[in-house]
Amino acid sequence: MSGFLDGIRCGDCECNVDWGERRNTIASIAAGVLFFTGWWIIIDAAVKYPAEDEFHHAYHTCGVIATVAFLMINAVSNGQVRGDSYSEGCMGQTGARVWLFIGFMLAFGSLIASMWILFGGFVVPQKATVYPGIAVFFQNAFIFFGGLVFKFGRTEDLWQ
């Protein structure tokens, strides 16, 4: 999965840009745009529906947990998970794998919880405004996919 940007062709233009060299830049920008878009959507919903009965303020918890998961997933490099570059510390490679696993559990959990908020809090009760539930779901989906792009879209070969 970490090589999905290697085969990108920009047509037959005269620019001759080597996308393999810019892979980390492209993946970082794409992940940042996804992360920003997720938070922008939920801020819009919070501003548009400030009343507690329209948009419960506890629903922001999913986005905060997704952000913590984003940071946890990307705090561990692929080399540390494989055991190539990390042997020090209290748990070594096993600690890096456990940290990554907990990060993915938080990310999937927040995505599933946002679906529950959408359907359990807005669709099934047939509320007049469903947009806050959709905003919570899309916030978590964008943060989740931004974390995946930032983790697996970059390569560590260019760091050396």
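Throughout what follows, the structure given in this document is the object of discussion. This structure is a prediction, so every number in the text was calculated from the model and none was measured.

1. Looking at the overall build of the protein chain
What the protein chain contains, in helices and strands, is 5 helices and 0 strands. In the protein chain, once contacts between residues fewer than 6 apart in sequence are set aside, the share between residues at least 24 apart is 72%. Accessible area for the protein chain stands at about 9600 Å²; split by element, carbon and sulfur atoms hold 66% of it.

2. Observations regarding the side chain of Arg-154
Mapping Arg-154 onto the fold places it in the segment after helix H5 (131-152). Its relative accessible area of 15% is what places Arg-154 among the buried residues. Side-chain polar atoms of Arg-154 contact the backbone oxygen of Phe-150, separated by 2.6 Å.

3. Brief notes about unusual backbone geometry
Where the residue is not glycine, phi is negative for most of them; where a peptide bond is considered, it is trans in most cases. Positive phi values are uncommon outside glycine, yet Gln-126 reaches one of about 55 degrees. Locating Gln-126 in the fold gives a position in the loop between helix H4 (92-123) and H5. Assessed through its relative accessible area of 69%, Gln-126 is described here as exposed.

4. What about the packing of H4 against H5?
Here H4 crosses H5 at 160 degrees, and the two axes come no closer than 8 Å. On the basis of the axis angle, H4 is roughly antiparallel to H5. Classified by chirality, the crossing of H5 by H4 is left-handed. Packed against H4, whose contacting residues are Leu-100, Phe-104, Ala-107, Phe-108, Ser-110, Leu-111, Ser-114, Met-115, Ile-117, Leu-118 and Phe-122, the element H5 presents Pro-132, Gly-133, Ile-134, Val-136, Phe-137, Asn-140, Ala-141, Phe-144, Leu-148, Lys-151 and Phe-152 at the interface.

5. Quick word on the packing of helix H2 (residues 60-74) against H5
H5 packs onto H2 with a crossing angle of 5 degrees between their chain directions and a minimal axis gap of 9 Å. Looking at the two axes, H2 sits roughly parallel to H5. The residues of H5 that touch H2, namely those facing Cys-62, Gly-63, Ala-66, Thr-67, Phe-70, Ile-73 and Asn-74, are Gln-139, Asn-140, Ile-143, Gly-146, Gly-147, Phe-150 and Lys-151. The residue inventory of the contact of H2 with H5, partitioned by class, reads 6 nonpolar, 7 polar and 1 charged.

The rules behind these values
Residues numbered from 1 in each chain as written. Predicted model: local features only at pLDDT ≥ 70, side-chain atom pairs only at ≥ 80, totals over all residues. Heavy atoms only, no water. Helix = DSSP H or I, 4+ residues; strand = E, 2+ residues; numbered from the N terminus. Contact = heavy atoms within 4.5 Å. Areas by Shrake-Rupley, 256 points an atom, 1.4 Å probe, with all protein chains shown as cover. Buried < 20%, exposed > 50% of the residue type's maximum accessible area, 1.4 Å probe, protein only. Polar contact = N/O pair within 3.5 Å; in protein donor to acceptor, adjacent residues only side chain to side chain. Axes fitted to C-alpha atoms, helices over the stretch in contact; angles between N-to-C directions. Parallel < 35°, antiparallel > 145°, perpendicular 65-115°, else oblique. Left-handed = near helix turned anticlockwise from the far one by under 90°. Nonpolar A, V, L, I, M, F, W, Y, C, P; charged D, E, K, R; others polar.

What is shown is where atoms sit, not what they do.
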